[in-house]
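Residues per chain are reported as follows:
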Amino acid sequence: SRSCLMYRYHRLPEARKYAIENGYRGAMFPWQSGSTGVEETQELHLNPKSGKWGPDLSRRQRHVSLAIAYNVWDYWKKVGDRDFLIQHGAELLLSIAQFFTSLVEFNKKDGRYHTKGVMGPDEFHEKLPGSKEAGLPDNAYTNIMIVWLLRRMEEMMNILPGKDIIRLLRKLDLTPRDLDKMDDITRKMNVVINDDGIISQFDGYFGLEELDWDGYRQKYGNIHRMDRILKAEGKSPDDYKLAKQADTLMLFYLLPMDEVHDLLTRLGYAHYRNMMKENYEYYVDRTSHGSTLSRVVHCVVAWRLHRYAVAWKWFQDVLRSDIYDTQGGTTMEGIHTGVMGGSIDMVMRGIGGIDFHEDRIYLKPRLPSKWKRLKMKLLYKTTWVSFTFTKEEALIEVHAPVLLPIEYKGHLHYGLPGEKIRIDLKKKEKRRNNKRKK
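Conventions used here
- Residues numbered from 1 in each chain as written.
- Predicted model: local features only at pLDDT ≥ 70, side-chain atom pairs only at ≥ 80, totals over all residues.
- Heavy atoms only, no water.
- Pairing = 2+ DSSP bridges.
- Helix = DSSP H or I, 4+ residues; strand = E, 2+ residues; numbered from the N terminus.
- Axes fitted to C-alpha atoms, helices over the stretch in contact; angles between N-to-C directions.
- Salt bridge = Lys/Arg side-chain N within 4 Å of Asp/Glu carboxyl O.
- Buried < 20%, exposed > 50% of the residue type's maximum accessible area, 1.4 Å probe, protein only.
- Contact = heavy atoms within 4.5 Å.
- Lys, Arg positive; Asp, Glu negative; His and termini not counted.
- Polar contact = N/O pair within 3.5 Å; in protein donor to acceptor, adjacent residues only side chain to side chain.
- pLDDT = per-residue confidence, 0-100.
- Parallel < 35°, antiparallel > 145°, perpendicular 65-115°, else oblique.
- Nonpolar A, V, L, I, M, F, W, Y, C, P; charged D, E, K, R; others polar.
- Expected span 1.5 Å × (residues − 1).
- Bend = angle between axes of the 7 residues up to and from the residue.

## Observations regarding the sheet that holds strand E6 (residues 361-363)
Spatially, E5-E6-E10-E11 is the arrangement adopted by the 4 strands of the open sheet, whose pairing is mixed. The open sheet terminates on both sides in strands that have one partner only, identified here as strand E5 (354-356) and strand E11 (411-415). This sheet shows a mean twist of 25 degrees between the axes of neighbouring strands, independent of strand direction. Pairing of strand E10 (residues 404-408) with E11, which is carried by 5 bridges, proceeds in the antiparallel orientation. Paired with Tyr408 across the strands is His411, a residue of E11.

Structural data, given as structure tokens:
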């Protein structure tokens, strides 16, 4: 994990150069990067449905820099590598934060910060219908993750020694005014949300046309690449409510629901009780899953919503995608490491329900009906921890002389070295069943 992050750190000079070339500060990482760290994304795309070449604007997916920042923080949270954070991670976070602070623009009319000219993870939408300007305004995933990043940066500033903070601020030429703007962004970033709590994928998404999904399935069968189908028909995917893969739902994949609520509340938006459920139901019906990674995200979100049957189907699709090359050409010459990592993540965070926090491990396991036992060994900070789950109990063993808090349904259990923690997973379920019988 550290070596993957060091790959990014060693390419900071190119990311800074790329930002300057596009009129920004800080570090803007390329969407597709080679060993040199320069942008390698194609600018023309061949549509095999029509045989025609067209512009490819996917390099405008600025959220790749947010992904790097997320990985830096996730590594720090789970491993506790203070040396990495001080020497490398903090500079990555601050450089990326500096970039997004220069990317956003403040609108005096609505008192909000906005982004424009970017693409979200969706990839089918490249610009607004009829617009000559590339990219989209206020992609919700990008905007909310910018706020998340700036909040983590503030947290990091309280972790680092003062001398290291001063060193980095001087190196990056960050002033108190820059830091004030970052804080202001976390309170005034624009996000479009309707009365049902559905987050608009980007500003203007709700005004797009609905697609006849059943009609296209009957006509073409495989509609994973709806963008190519529509372009071959002389239409544009920019005109329709559709997505190649999870975009807005990425928020609920990466972040706990309470954290999404906290970010939106800080921005002054109302608290929506069933936001994850409403957004899942809205966007799952408008996604063609033209990427196997889309199934990973939908699988985890469905599992969190306790929709275990559909999540199990998603999970099987994820596993098949490597074995059978279900997308037709995605893994024909090798393996899809992203999907493989996603399937492991689903087992750990979804089925195992393991969530690492700075001071404890949270558990919320639920095995699929056909599974009898799940065993895994994970490194949390400097401590190896073994987990064994059945439908009846969780067995945890800490392999180090440390006191490790494990939280399950609001109750803390402390793992002592050489002892095994046993947690009854059926206890509360029986109580509920008894109440129903009465």
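## Observations regarding the sheet that holds strand E12 (residues 420-424)
Ordered by their spatial adjacency, 4 strands build an open sheet running E7-E8-E9-E12, and the pairing between neighbours is antiparallel. Unpaired on one side and paired on the other, strand E7 (374-380) and E12 mark the two borders of the sheet. Neighbour-to-neighbour, the strand axes of this sheet turn through a mean angle of 20 degrees, independent of strand direction. As defined by bridge partners, strand E9 (residues 393-398) adjoins E12 across 5 bridges and the pair is classed as antiparallel. The partner of Glu397 across the bridge, within E12, is Lys420.

## So, the pattern of salt bridges
Applying the stated criterion across every chain, the model contains 33 salt bridges. The partner of Arg187 in a salt bridge is Asp183, with the nearest N and O atoms 3.1 Å apart. Residue Arg187 and its partner Asp183 are located together in helix H7 (residues 176-188), separated by 4 residues, close to a single helical turn. On the basis of relative accessible area, Asp183 is assigned to the partly exposed category, the value being 25%. Residues Lys188 and Asp184 are paired through a salt bridge, measuring 3.1 Å at the closest nitrogen-oxygen approach. Taken together, the residues span about one helical turn, with Lys188 and Asp184 both in helix H7 at a distance of 4 residues. One salt-bridge network, in which partners are shared between bridges, spans Lys277, Glu278, Glu281 and Arg307.

## So, helix H12 (residues 275-284)
Burial analysis of H12 places 7 of its 10 residues in the buried class, the great majority of the element. Those residues of H12 that sit buried are Met275, Met276, Asn279, Tyr280, Tyr282, Tyr283 and Val284. Looking at the packing, one finds that the buried side of H12 touches helix H10 (250-254), helix H11 (257-266), helix H13 (292-304) and helix H14 (308-323).

## Side note on the side chain of Lys77
Relative to the elements of secondary structure, Lys77 occurs in helix H3 (residues 63-79). Of the side chains with opposite charge, Asp74 comes closest to the buried, unpaired Lys77, at an N-O distance of 4.1 Å. Contact partners of Lys77, with chain neighbours within four places excluded, come to Phe356, His357, Glu358, Tyr380 and Lys381.

## Brief notes about the environment of Glu233
Assignment of secondary structure puts Glu233 in the loop between helix H9 (226-232) and H10. Overall, Glu233 belongs to the partly exposed group, its relative accessible area being 26%. Considered as a pair, Glu233 and Gln218 are 15 residues apart in the sequence and their alpha carbons are 16 Å apart. Within polar-contact distance, the side chain of Glu233 engages the side chain of Tyr220 at 2.6 Å.

## Topic: the confidence of the model for the chain
Parts of the prediction with low pLDDT should not have their coordinates interpreted in detail. In this model, the chain carries an average pLDDT of 91, and 96% of its residues clear a pLDDT of 70 or more. Looking across the chain, the model is least confident in helix H16 (residues 427-437), with a mean pLDDT of 49, and most confident in strand E4 (residues 112-114), with 98. pLDDT under 50 marks residues 429-438. Its contacts with residues more than four places away, or in other chains, come to 1 contact.

## Quick word on the packing of H13 against helix H15 (residues 337-351)
With their axes 9 Å apart at the nearest point, H13 and H15 run at an angle of 5 degrees to one another. When the axes of H13 and H15 are compared, the pair comes out roughly parallel. Between H13, through Thr292, Leu293, Val296, Cys299, Val300, Trp303 and Arg304, and H15, the contact on the second element is made entirely by Gly338, Val339, Gly342, Met346, Arg349, Gly350 and Ile351. Residues belonging to the contact of H13 with H15 are distributed by class as follows: 8 nonpolar, 4 polar and 2 charged.

## Digging into helix H4 (residues 82-103)
Spanning 22 residues, H4 covers 29 Å between terminal C-alpha atoms, matching the ideal 32 Å at 1.5 Å per step. The largest bend in H4 comes to about 50 degrees, at Gly89. With respect to burial, H4 is a largely interior element, 18 of its 22 residues being buried.

## Topic: the environment of Glu43
As for its position among the elements, Glu43 is in the loop between helix H2 (12-21) and strand E1 (44-47). By relative accessible area, which is 54% here, Glu43 ends up exposed. Taking the C-alpha atoms as reference, Glu43 lies 5.9 Å from Pro55; in sequence the two are 12 residues apart. Here Glu43 is in contact with Gly54, Pro55, Asp56 and Arg59, once residues within four sequence places are set aside.

## Some words on the pairing of E9
Strand residues, when the strand is regular, have side chains that alternate between the two faces of the sheet. As paired elements, strand E8 (residues 383-389) and E9 share 5 bridges and run antiparallel to each other. Bridge pairing in E9 places Ser386 opposite Glu397. Once E8 ends, the chain turns through 3 residues before running back antiparallel as E9.

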